[in-house]
Amino acid sequence: MAGEPQDDCLFCKIVGGHVPATIVRETDTTVAFRDINPQAPTHILIIPKAHHADAAALATAEPLLAADVLREAQAVADEEKLESYRIVFNTGTGAGQTVFHAHAHLLGGRGMQWPPG
Ligand code: AMP
Ligand code: ZN
């Protein structure tokens, strides 16, 4: 069921403390932790604690967890003292999504190109 922990989900395991992660912030509804394979000097993932497969599902989740994730992404950006940064939700395999528990990538600390690859 949407929102319930999934036994086979890596990020649900991080939320549950069953897989270690470098957690930088946590709220009642979100966790932010460092990406294991950073693509920028700062690369932090912000996830809802509730399991939703992707940003499309998160967008319609009740309560509106998408707002919590975005608020936390900004809080992490502030803590990391990032003035310029990128927030990315890869959605679907064609866009590079590999973990099907919704997550925002917060990337910063280097210059970035547009359009992304
Ligand atoms: P995506 O490809 O958009 O689904 O992003 C998944 C991200 O999760 C990738 O950037 C991975 O490097 C990251 N990742 C995978 N396993 C872990 C882990 N155990 N701890 C932290 N980040 C992870
Ligand atoms: Zn999950």
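Being a predicted model, the structure only gives us computed values, none of them experimental.

Undergrad: Let's hear about helix H3 (residues 65-79): which residues, and what values?
TA: Helix length check: H3, at 15 residues, gives a terminal C-alpha distance of 21 Å against a target of 21 Å (1.5 Å per residue), a fit within 8%. Among all positions of H3, only Leu 65, Asp 68, Val 69, Glu 72, Ala 73, Ala 75, Val 76 and Ala 77 are buried. At its buried positions, H3 is contacted by strand S1 (23-26), strand S2 (30-34), strand S3 (42-48), helix H2 (55-59), strand S4 (85-88) and strand S5 (104-108). At the exit of H3 stands Lys 81, carrying a positive phi of roughly 60°.

Undergrad: Give me the lowdown on the packing of aromatic side chains, citing residues and values where you can.
TA: Inspection of the entire model under this criterion finds 1 aromatic pair. Their ring planes at 80° and their centres at 5.3 Å tell us that Phe 11 and Phe 33 sit as a pair that is edge-to-face. Of this pair, Phe 11 sits in helix H1 (residues 10-16) while Phe 33 sits in strand S2, placing them 22 residues apart in sequence. Like Phe 33, Phe 11 is buried.

Undergrad: I'd love a proper account of a nonpolar patch on the surface, names of residues and values included.
TA: Judged by side-chain polarity, Leu 70, Ile 87 and Phe 89 come together as a nonpolar surface patch covering roughly 230 Å² of accessible area. The exposure class assigned to Leu 70 is partly exposed, which follows from its relative accessible area of 49%.

Undergrad: Any details on the coordination of the zinc ion (ligand 2)? Residues and values, ideally.
TA: The protein atoms donating to the zinc ion (ligand 2) are Cys 9 (SG), Cys 12 (SG), His 51 (ND1) and His 101 (ND1), with metal-donor distances spanning 2.0 to 2.3 Å. Geometry at the zinc ion (ligand 2) is tetrahedral, judged from the 4 donor atoms that bind it and their angles of 107 to 115° at the metal. Within one chain, the residues serving as donors to the zinc ion (ligand 2) are arranged as C-x2-C-x38-H-x49-H. Of this pair, His 51 sits in the loop between S3 and H2 while His 101 is found in the loop between S4 and S5, placing the two residues 50 residues apart along the sequence. Looking at His 101, the relative accessible area reads 0%, which means it is buried.

Undergrad: Which residues make up the site of ligand 1, and what values do they have?
TA: Around ligand 1 lies a shell of 15 residues, among which Asp 35, Asn 90, Gly 96, Thr 98 and His 105 are the nearest. Contact between ligand 1 and Asp 35: an oxygen atom at 2.5 Å from a side-chain N or O atom of the residue. Between Ile 36 and ligand 1, the recorded distance is 3.1 Å, taken from a backbone N or O atom to a nitrogen atom. Coverage of ligand 1 by the protein chains reaches 84% of its 500 Å² of free accessible surface. Those elements giving two or more residues to the shell around ligand 1 turn out to be H1 and S2. Residues belonging to the shell around ligand 1 are distributed by class as follows: 6 nonpolar, 7 polar and 2 charged.

Undergrad: Explain the sheet that holds S1 residue by residue, including any values.
TA: Strand order in the open sheet formed by 5 strands is S1-S2-S3-S5-S4, with antiparallel pairing between adjacent strands. Two strands lie at the open edges of the sheet, namely S1 and S4, each paired on one side alone. Strand after strand, the sheet turns through a mean of 20° between neighbouring axes, direction not considered. Both S1 and S2 contribute to a ladder of 3 bridges, which runs antiparallel. Note that in S2 the partner of Arg 25 across the bridge is Ala 32. Lying over the sheet, H3 contacts S1, S2, S3, S4 and S5, oriented at roughly 155° with respect to S3.

Conventions adopted
- Residues numbered from 1 in each chain as written.
- Chains lettered and ligands numbered in written order.
- Predicted model: local features only at pLDDT ≥ 70, side-chain atom pairs only at ≥ 80, totals over all residues.
- Heavy atoms only, no water.
- Helix = DSSP H or I, 4+ residues; strand = E, 2+ residues; numbered from the N terminus.
- Expected span 1.5 Å × (residues − 1).
- Buried < 20%, exposed > 50% of the residue type's maximum accessible area, 1.4 Å probe, protein only.
- Contact = heavy atoms within 4.5 Å.
- Phe/Tyr/Trp six-rings, centres within 6.5 Å; stacked < 30°, edge-to-face > 60°.
- Patch = residues over 30% accessible without salt bridge, like charges linked within 9 Å, V, L, I, M, F, W, Y side chains within 5 Å.
- Areas by Shrake-Rupley, 256 points an atom, 1.4 Å probe, with all protein chains shown as cover.
- Salt bridge = Lys/Arg side-chain N within 4 Å of Asp/Glu carboxyl O.
- Donors = N, O, S within 2.8 Å, 3.2 Å for Na, K, Ca; no water.
- Tetrahedral: all angles 85-135°; square planar, octahedral: opposite > 155°, others 65-115°.
- Near = heavy atom within 4 Å.
- Polar contact = N/O pair within 3.5 Å; in protein donor to acceptor, adjacent residues only side chain to side chain.
- Nonpolar A, V, L, I, M, F, W, Y, C, P; charged D, E, K, R; others polar.
- Pairing = 2+ DSSP bridges.
- Axes fitted to C-alpha atoms, helices over the stretch in contact; angles between N-to-C directions.

This is a description of form; function is not addressed.
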